[in-house]
Amino acid sequence: MSDIRVLVVDDDFMVARIHAGYVARMPGFEVVATAHNGADAITAVAGSRPDLVLLDIYLPDMSGLEVLKAISGVDVLVISAARDVPTVREAMRGGAVNYLIKPFAAAALTERLQQYAHTRRQLSAIGPEAGQDDVDRLFGVTGTPPALPKGLSQATCALVATVLREAGRDLSAVETASLTGLSRVSARRYLEYLCGARRAELRPRYGTAGRPEHRYRWIG
């Protein structure tokens, strides 16, 4: 899959540069343009054809909500100091995929970009038609998790889930085993269960040769 093309829109030149730096350091993302007002943002969407726009609300010539209504065929992550409920509601009605309130830690933007990339991967993996389970996963609707396989315990599963969630990164079965005190085989069984329950995802890591290393990341 090609890199996700990102347009950064913020009236503050320094803030736009900082946000662009955050994006550029994310694997799988590419900053294709920046804009500092609404008119330039609309032009940049047409010219640069981004996949995702990081959009501020407070722009010098028009509201970011007006920009949101004016553009199409692109996803929008709102990043703004605007925290009033009507603005948040209008952003949701306009189709924003997420909303991040300034100021924020770099990790908060990283998490939302990862969530966005994960959703795109899910969409790509579904195929030409989606089932209800596929749609539920995309919209964050969770059902009853599958029963634990024989030999696995709820307490140990909760331990593995906590370790994976608090790691803040993907882990291998070996790393999970070391952190939980389990054997590698047992750790892998719990990790595979969490993937089946849609609380974790498998991320193959490809090296220079041989089979890819299976790594697991918490997705909640």
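Throughout this document, residue positions are counted from 1 along each chain, in the order its sequence is written. Totals for whole chains, interfaces and linings use every residue, but because this is a predicted model, local features are given only for residues with pLDDT of at least 70 and side-chain atom pairs only at 80 or more, for both listing and counting. Note: side-chain values were computed over all heavy atoms of the structure, leaving out hydrogens and water.

## Describing the packing of helix α8 (residues 173-180) against helix α9 (residues 184-196)
So, point 1. Across the interface, α8 lies against α9 with an axial gap of 8 Å and an inter-helix angle of 105°. Classified by the angle their axes make, α8 and α9 are roughly perpendicular. On the side of α8, the interface is formed by Ala173, Val174, Thr176 and Ala177, while α9 contributes Arg184, Ala187, Arg188 and Leu191.
So, point 2. Residue composition of the contact of α8 with α9, grouped by class: five nonpolar, one polar and two charged. Axis definition: a line fitted to C-alpha atoms, limited for helices to the stretch in contact. Angles are taken between N-to-C directions and run from 0 to 180 degrees. Numbered from the N terminus, helices here are DSSP runs of H or I no shorter than four residues, and strands are runs of E no shorter than two. The labels follow the angle: roughly parallel below 35 degrees, roughly antiparallel above 145, roughly perpendicular from 65 to 115, and oblique for the rest. Residue contacts are defined here by distance: any two heavy atoms, one from each residue, within 4.5 Å place the two residues in contact. Following the grouping adopted for this structure description, the nonpolar residues are Ala, Val, Leu, Ile, Met, Phe, Trp, Tyr, Cys and Pro, the charged ones are Asp, Glu, Lys and Arg, and the polar ones are all others, Gly among them.

## A closer look at the UniProt feature "modified residue: 4-aspartylphosphate" (unreviewed entry) in the protein chain
So, point 1. UniProt positions are given in the numbering used here, feature names are shortened, and annotations may be inferred rather than shown by experiment. With numbering aligned to this structure, UniProt lists the feature "modified residue: 4-aspartylphosphate" (unreviewed entry) at Asp56.
So, point 2. As for its position among the elements, Asp56 is in the loop between β3 (52-55) and α3 (64-70).
So, point 3. Sequence-distant contacts of Asp56, defined by excluding residues within four places in its chain, comprise Val9, Asp10, Asp11, Gly64, Ile79, Ser80 and Lys102.

## Observations regarding the domain arrangement of the protein chain
So, point 1. Here the protein chain is described as being made up of domain 1 (4-125) and domain 2 (154-218).
So, point 2. Between the C-alpha centres of domain 1 and domain 2 there is a distance of 32 Å. In this document the domain limits rely on a domain assignment from an automatic tool or a database.

## Details of the sheet that holds β3
So, point 1. When DSSP finds two or more bridges between a pair of strands, those strands are recorded as paired. One open sheet accounts for five strands, arranged β2-β1-β3-β4-β5; its pairing is parallel. Of all strands in the sheet, those with a lone pairing partner are β2 (29-35) and β5 (98-101), marking the two edges. Strand after strand, the sheet turns through a mean of 20° between neighbouring axes, direction not considered.
So, point 2. Where strand β1 (residues 4-9) lies against β2, six bridges are found, and the strand directions are parallel. Its bridge partner lying in β2, Val8 is registered against Thr34.
So, point 3. The sheet contacts of helix α2 (residues 38-48) involve β1, β2 and β3, and relative to β1 the element is tilted by about 165°.
So, point 4. Each of β1, β2, β3, β4 (75-80) and β5 is contacted by helix α5 (residues 106-126), which is oriented at about 175° to β5, the strand it contacts most.

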